[in-house]
Amino acid sequence: MADFAPQARQSQRFLLLYALAWAGSAIAYVPFLTILLPVRVSNLAGQGADVSWLAYIAFAGAIAASVGNIGFGYLSDITGNRRGWAWAGLLLSSVLLVATGAATGLGSLIVLVVCWQLSLNMMLAPLAAWAGDTVPDAQKGLLGGLLAFAPGLGALSGAAVTMNGLASADTRLWLVALMVIACVVPLLVAGAPLPVMEAVGAVAKPDAQAAKPQAQAAKPQGRDGVVLRMWLARLAVQIAEAALFAYLFFWFRAIDPAVSDNLTARVFSVVLVLSAPAALLAGRWADTRNRPLVPLVACAAISAAGLVGMSLSRTLPAATIAYALFGLATSVFLALHSTQTLRVLPRSDRRGRDLGVFNLTNTVPSLIMPWFTLALVPYFGFSGLFLLFAALAVVAAVLLAPFARQT
């Protein structure tokens, strides 16, 4: 019976299984949205119209992701069943991912991407809330570092499936779906988190009025300001990240027309893989020093410097180096921000819903970024766009700096 008593720390086994599942979540969307979808759009629309069509698809998909993440997060709150919703989302999103290969027109592709985004967030929202239910504050930096491996593995999967001669366009989608299933299923089947002291009863359905005073008492006064600043700071950084996520291939090709999709995937994956150890070290430092926001401020400032370098790049090597600086800093920022957000959410019984609201910082940029791109790139090129994003990264650092020394 002692094994089931509330613990001060979550088991390493569960943290690793959760990190693997989160990596599977990244594999579900990184290769598709960065490489496979842009290539598919280029084949259907032709060069010249591909940027516009990708913007429309990103816009529709972001709306679906926003609605889906809040809705399914809230449903997992009120049902108290994170695992069941994640199972349903995993199965549906895998089927719909493969189905996008059957799209013969841009209209049908948009419909499939919207449905895929909804089902993907049926899996992502409960998984994100599950971390808040089970991982105490003292391990959130470590968890953030472990989650930083997810984008790199997602990018590596993109590099793998786009290797020359490995697979056809349709087979690539099947390979991605199988990799996702292999990563997520172990957590859903064998994930058995210890009941930790800070998370006991988090997924039960407590009386809202009884739970609210307790949740408010557990949060120091002044946290509302931190929540808003963290939301805005992530939004600012995510706008830049979303642009590079969708348009990295097009930007590299604008600098050097000989750039291939596999080269883009390899650069993207190397940067993200290198960012994972950095995030792990930064997360451990934040835990041991009890300074959760200091790494976020530093990373936002470095991201701004990388974006300035990108705006000035005129050769592929210079562009790659500048992108590496931006990508490393941004990946660390986003990984650590995701877990440190769990510290300041006001109610544990509505964690899924509240994380869905925070997820708007991931999806709203996809609504904003295409119009920035369409408005600025034709007149100022990507350089003007990157300078705007650099200013937003500076804003993110300024927003969080006043709280960086607080525990």
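Residues numbered from 1 in each chain as written. Predicted model: local features only at pLDDT ≥ 70, side-chain atom pairs only at ≥ 80, totals over all residues. Heavy atoms only, no water.

Residue-level account of the overall build of the protein chain, with values.
Per the secondary structure count, the protein chain includes 13 helices and zero strands. Starting at the N terminus, the α and β elements of the protein chain follow one another as α-α-α-α-α-α-α-α-α-α-α-α-α. Out of the 407 residues in the protein chain, the part that is buried amounts to 54%. Put simply, of all contacts in the protein chain between residues at least 6 apart along the chain, 86% involve residues at least 24 apart. Summed over all atoms, the accessible surface of the protein chain reaches about 16200 Å², with 69% contributed by carbon and sulfur. (Helix = DSSP H or I, 4+ residues; strand = E, 2+ residues; numbered from the N terminus. Buried < 20%, exposed > 50% of the residue type's maximum accessible area, 1.4 Å probe, protein only. Contact = heavy atoms within 4.5 Å. Areas by Shrake-Rupley, 256 points an atom, 1.4 Å probe, with all protein chains shown as cover.)

So, the confidence of the model for the protein chain: which residues are in play, and what are the values?
Taken as a whole, the protein chain shows an average pLDDT of 82; of its residues, 87% reach a score of 70 or greater. Summarising per-element confidence for the protein chain, the mean pLDDT is lowest in helix α8 (residues 208-217) (38) and highest in helix α3 (residues 82-99) (95). (pLDDT = per-residue confidence, 0-100.)

Could you give me a rundown of the nonpolar core, with the residues and numbers involved?
Of all hydrophobic cores here, the largest spans 124 residues; its most connected members are Trp 251 and Tyr 323. Apart from the residues within four sequence positions on either side, Tyr 323 is in contact with Leu 244, Leu 248, Trp 251, Val 267, Phe 268, Val 271 and Met 310. (Core = buried A, V, L, I, M, F, W, Y, C linked by side-chain atoms within 4.5 Å.)

Give me the environment of Asp 261: which residues, what numbers.
Tracing the backbone through its elements, the reader meets Asp 261 in helix α10 (residues 261-289). C-alpha of Asp 261 to C-alpha of Ile 35: the two residues are 226 residues apart in sequence and 6.6 Å apart in space. Setting aside residues up to four positions removed in sequence, Asp 261 forms contacts with Ile 35, Val 39, Arg 172 and Phe 249.

How would you sum up the packing of aromatic side chains? Please name residues and give values.
Under the definition given, this model contains ten aromatic pairs. Ring centres of Phe 14 and Tyr 18 lie 6.2 Å apart, and the angle between their planes is 35 degrees; on these two criteria the pair is classed as tilted. Highlighted residues: Phe 14 and Tyr 18, both in helix α1 (residues 12-45), separated by four residues, approximately one helical turn. Each member of the pair, Phe 14 as well as Tyr 18, is classed as buried. Ring geometry for Tyr 18 against Trp 22: centres 6.1 Å apart, planes inclined by 10 degrees, an arrangement best described as stacked. Of the two residues, Tyr 18 and Trp 22 both sit in helix α1, four residues apart, roughly one turn of that helix. (Phe/Tyr/Trp six-rings, centres within 6.5 Å; stacked < 30°, edge-to-face > 60°.)

Hey, could you go over the pattern of salt bridges for me, with residue numbers and the actual values?
Enumeration over the complete set of coordinates arrives at four salt bridges. Notably, a salt bridge pairs Asp 133 with Arg 82, separated by 2.7 Å at the nearest N-O pair. With Asp 133 in helix α4 (residues 106-134) and Arg 82 in helix α3, this residue pair connects regions lying 51 residues apart in the sequence. The pair Asp 133 / Arg 82 is uniform in exposure class, with both members buried. One network of salt bridges, in which partners are shared, links Asp 77, Arg 82, Asp 133 and Arg 351. (Salt bridge = Lys/Arg side-chain N within 4 Å of Asp/Glu carboxyl O.)

Would you mind going over the packing of α3 against α4 in detail, with residue names and values included?
Where α3 contacts α4, the two axes come as close as 8 Å, and the packing angle between them is 150 degrees. The pairing of α3 with α4 is recorded here as roughly antiparallel in orientation. Two packed elements cross with a definite hand, and for α3 against α4 that hand is left-handed. Here Arg 82, Arg 83, Trp 85, Ala 86, Ala 88, Gly 89, Leu 90, Leu 92, Ser 93, Leu 96, Leu 97 and Ala 99 of α3 come into contact with α4, specifically with Leu 112, Cys 115, Trp 116, Ser 119, Leu 120, Met 122, Met 123, Pro 126, Leu 127, Ala 129, Trp 130 and Asp 133. (Axes fitted to C-alpha atoms, helices over the stretch in contact; angles between N-to-C directions. Parallel < 35°, antiparallel > 145°, perpendicular 65-115°, else oblique. Left-handed = near helix turned anticlockwise from the far one by under 90°.)

Explain the side chain of Ser 157 to me, and be specific about the residues and the numbers.
Position of Ser 157 relative to the elements: it lies in helix α6 (residues 149-161). A polar contact of 2.4 Å, which involves the side chain of Ser 157, links it to the backbone oxygen of Gly 154. In this structure Ser 157 touches Ile 27, Pro 31 and Met 179, once residues within four positions along its chain are discounted. (Polar contact = N/O pair within 3.5 Å; in protein donor to acceptor, adjacent residues only side chain to side chain.)

I'd love a proper account of unusual backbone geometry, names of residues and values included.
Here the phi dihedral of Asn 290 falls at roughly 55 degrees; this positive angle occurs in a residue that is not glycine. Within the fold, Asn 290 resides in the loop between α10 and α11 (294-312).

Mind laying out α10, listing which residues take part and the relevant values?
With 29 residues, α10 should reach 42 Å at 1.5 Å per residue; the first-to-last C-alpha distance of 42 Å fits that figure. One or two residues past the end of α10 sits Asn 290, with phi positive at roughly 55 degrees. (Expected span 1.5 Å × (residues − 1).)

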